[in-house]
Amino acid sequence: MRKYNENNLILKNTLEEVFFMEKLLNALEQKLGPIADKLSNNPYLKAITRGTMCALPLTLVAGLIILIAKPPIPVANGEPTMLAGWYYWGQKQTWIYTINSVYNGVVGLAFLIGAAEALAKELNMNARSNMILSLGAYFLIVANPQTYELADGKKINAITFSKLGTNGIFASIIIVILVALIVQFFQKYKIGFRFPDSVPSFVKTSFDGILPAVAIAVIMIALDTLCQKALGSSLSGVIAAVFSPLVKSFDNPFMVAFFMMLINFFWYMGIHGSIVSPITGPIVLSYATENMQAYAEGQQIMHWFTNSTKFGLILVGGAGVLALAVLNSRSKSKTLREVGKVGLIPSIFNISEPTIFGMPVMFNVDLFVPFMLVPIVNTFIVWFVTDVLHLMTGPIVNAPYQAPFILLAVLAYGTWIAGVLAVVLLVIDLVIYYPFYRRYEKKMIAQENEANE
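We now turn to the structure provided with this report. No experiment lies behind these values; they were computed from the predicted model shown.

Definitions and cut-offs
Residues numbered from 1 in each chain as written. Predicted model: local features only at pLDDT ≥ 70, side-chain atom pairs only at ≥ 80, totals over all residues. Heavy atoms only, no water. Helix = DSSP H or I, 4+ residues; strand = E, 2+ residues; numbered from the N terminus. Expected span 1.5 Å × (residues − 1). Buried < 20%, exposed > 50% of the residue type's maximum accessible area, 1.4 Å probe, protein only. Contact = heavy atoms within 4.5 Å. Lys, Arg positive; Asp, Glu negative; His and termini not counted. Salt bridge = Lys/Arg side-chain N within 4 Å of Asp/Glu carboxyl O. Polar contact = N/O pair within 3.5 Å; in protein donor to acceptor, adjacent residues only side chain to side chain. Axes fitted to C-alpha atoms, helices over the stretch in contact; angles between N-to-C directions. Parallel < 35°, antiparallel > 145°, perpendicular 65-115°, else oblique. Left-handed = near helix turned anticlockwise from the far one by under 90°. 1 Å grid on protein atoms, 1.4 Å probe; cavity = no way out; pocket = protein on both sides within 12 Å on 5 of 7 lines; lining within 4 Å. Points joined across faces, edges and corners; volume = space filled by probe spheres on them. Nonpolar A, V, L, I, M, F, W, Y, C, P; charged D, E, K, R; others polar. Phe/Tyr/Trp six-rings, centres within 6.5 Å; stacked < 30°, edge-to-face > 60°.

1. Some points on helix α7 (residues 169-188)
Point 1. With 20 residues, α7 ought to run about 28 Å at 1.5 Å a step, and its terminal C-alpha atoms sit 29 Å apart, in line with that.
Point 2. Residues of α7 that are buried: I169, F170, A171, S172, I173, I175, V176, V179, A180, I182, V183 and F186.
Point 3. On the buried face of α7, the contacting elements are α2 (43-69), α5 (107-122), α6 (127-143), α9 (210-231), α10 (235-249) and α12 (277-296).
Point 4. Looking at the residues trailing α7, positive phi occurs at K190, about 50°.

Shown next, in the form of structure tokens:
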């Protein structure tokens, strides 16, 4: 009888908390829900995310292959303290450095092509034509060929290779959007060449791009000239200056912690956390490429946060839920234990959905505090270990987030210390979650007992 009363008391308190939290969450959902839906379905933001993903294979290969030529081993006074044969062999492998330089050097182009194709598909436009027009605008404004005089007196037009890399990512965003808007204008008002129905469709498609191409060239040149006359800088330079404060702010742990918490907040509201990717994606892509290039050239690595940091150390389990999956696998509640069986393995590979939707974490009063707190704590610990204690450098490989979290951390940082840190952070996450989880677990057990009785 005593146990029955205790269970009823637990259930009563649970209902009161749920009722209060439901009112609060309904108010938030009414305010934030429509905004989040618009952002998550916005074709331009989707295109930016797609552009970032298209550049991932290049940065991954560039990072992994440079580790072959430059193994992350201790060097004292210019001499390796171990694996000297490997170290000196790698210095002679110029072909490896060429691959690294080329792949890193065209990241901006890869981003542009991916974003242009994705945006065209979202807006029901011709993807191939949109990519070609965007490439033309990119080479016109960002790459901007310059005249150089050779030793024999001949003059040539050439493009600086560095302009095809991360320097052009933010300009690519503006170019892709402008090109799409211009093409849409011509399509909306049916401005173009007229052909009889007997003309093949591929011929019509080719001619459809002629007038937009002319308009794009004129508008881009006009904007570039206006920027140079009014602001003393090119259009791409002005765009870079506008985005510069946001890019620089991401080396600040407070800014990173805010966005990591924001990802989890959207998850908690039932909105996919990738909604933040259009903002963070281009920034961390540029950070990853700059870190790799600095490592290849033997310079100091400047950035402590990239996408590999996010999934290998901060949001372990996809949204920091690996600790929850571990607790579920050992739970006394039959329901939570079943969720643990389904969610543990995916969480190791940073797939969070089985745990988030299975418990569920969304709108869960008991788990709100640790779910928000874990990414903040993890962020500051990683920053402290990297930027203050200098126990490891920043990440040098843009490793795929689907890799097991320990392997991901070791690959990204090129040191076993990152793997140890990943395990330590998991233990800290377990400690943060445990008291809140136990409270929720008791409620689940009480509900199961009530159902059985």
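2. Describing the side chain of D429
Point 1. Checked against the element boundaries, D429 lands in helix α19 (residues 416-452).
Point 2. Although D429 lies buried, it forms no salt bridge, and the closest oppositely charged side chain, K310, sits 15 Å away as judged by the N-O distance.
Point 3. A polar contact is formed between the side chain of D429 and the side chain of N378, at a distance of 3.1 Å.

3. Some points on unusual backbone geometry
Point 1. The amide bond that connects M359 to the next residue, P360, takes the cis arrangement and shows omega of -5°.
Point 2. Looking at the element boundaries, P360 is found in the loop between α16 (353-358) and α17 (368-388).

4. A closer look at the packing of helix α4 (residues 94-105) against α12
When two helices pack together, their arrangement is given by the angle between their axes and by how far apart the axes lie.
Point 1. The interhelical angle for the contact between α4 and α12, taken along N-to-C directions, is 155°, at an axis separation of 10 Å. By the angle between their directions, the pair α4 and α12 is classed as roughly antiparallel. In terms of crossing hand, the pair formed by α4 and α12 is left-handed. Within the contact between the two elements, α4 uses Y97, N100, S101 and N104 and α12 uses T289, M292, Q293 and A296.

5. Quick word on empty space enclosed by the protein
Point 1. With the rule as written, the count across this model stands at one cavity of 30 Å³ or more.
Point 2. Volume-wise, the largest cavity comes out at about 40 Å³.
Point 3. The wall of the largest cavity is formed by Y44, A47, I48, A115, L119, I173, V176 and I177.
Point 4. At the level of secondary structure, the elements contributing two or more residues to the lining of the largest cavity comprise α2, α5 and α7.
Point 5. Partitioning the lining of the largest cavity into residue classes produces eight nonpolar, no polar and no charged.

6. Observations concerning the environment of L407
Point 1. Along the chain, the position of L407 falls in helix α18 (residues 405-413).
Point 2. Along the sequence, L407 and G419 sit 12 residues apart, while their C-alpha atoms lie 6.9 Å from each other.

7. Some details on α17
Point 1. In this model, α17 (21 residues) spans 30 Å end to end at C-alpha, consistent with the 30 Å of a helix rising 1.5 Å per residue.
Point 2. By the burial criterion, the buried members of α17 are P370, F371, M372, V374, P375, N378, T379, V382, V385 and T386.
Point 3. On its buried side, α17 packs onto α11 (253-268), α13 (307-314), α16, α18 and α19.
Point 4. A positive phi of about 55° marks H390, the residue just after α17.

8. Focus: the packing of α17 against α19
Point 1. The N-to-C vectors of α17 and α19 enclose an angle of 150°; their axes lie 10 Å apart at closest approach. By the angle between their axes, α17 is roughly antiparallel relative to α19. Considering only the axes of α17 and α19, their crossing is right-handed. On the side of α17, the interface is formed by V369, P370, F371, L373, V374, V377, N378, I381, V382 and V385, while α19 contributes L421, L425, I428, D429, I432, Y433 and F436.
Point 2. Here the residues of the contact of α17 with α19 sort into 15 nonpolar, one polar and one charged.

9. Points about the pattern of salt bridges
Point 1. Following the criterion strictly, the structure yields six salt bridges and no others.
Point 2. In this structure, the salt-bridge partner of R438 is E441, at a minimum N-O distance of 2.5 Å. Remark: E441 and R438 occur in helix α19; sequence separation between them is three residues, near one turn of the helix.
Point 3. Residue class for E441 comes out buried when judged on its relative accessible area of 3%.
Point 4. Put simply, D366, R439 and K443 are held in one network by salt bridges that share partners.

10. Points about the packing of aromatic side chains
Point 1. One pass over the full model with this rule turns up 13 aromatic pairs.
Point 2. Seen in terms of ring centroids, Y138 and F139 are 6.1 Å apart; in terms of plane orientation they differ by 80°. Their pairing is edge-to-face.
Point 3. Note on Y138: relative accessible area 0%, which makes it buried.
Point 4. Ring plane angle 40° and centroid distance 6.2 Å describe the contact between F250 and F305, whose orientation is recorded as tilted. In this pair, F250 is assigned in the loop between α10 and α11 and F305 in the loop between α12 and α13, connecting sequence segments 55 residues apart. For the pair F250 and F305, a shared accessibility class is recorded, and that class is buried.
Point 5. Following the ring pairs from residue to residue traces out a cluster consisting of F250, F258, F259, W304 and F305.

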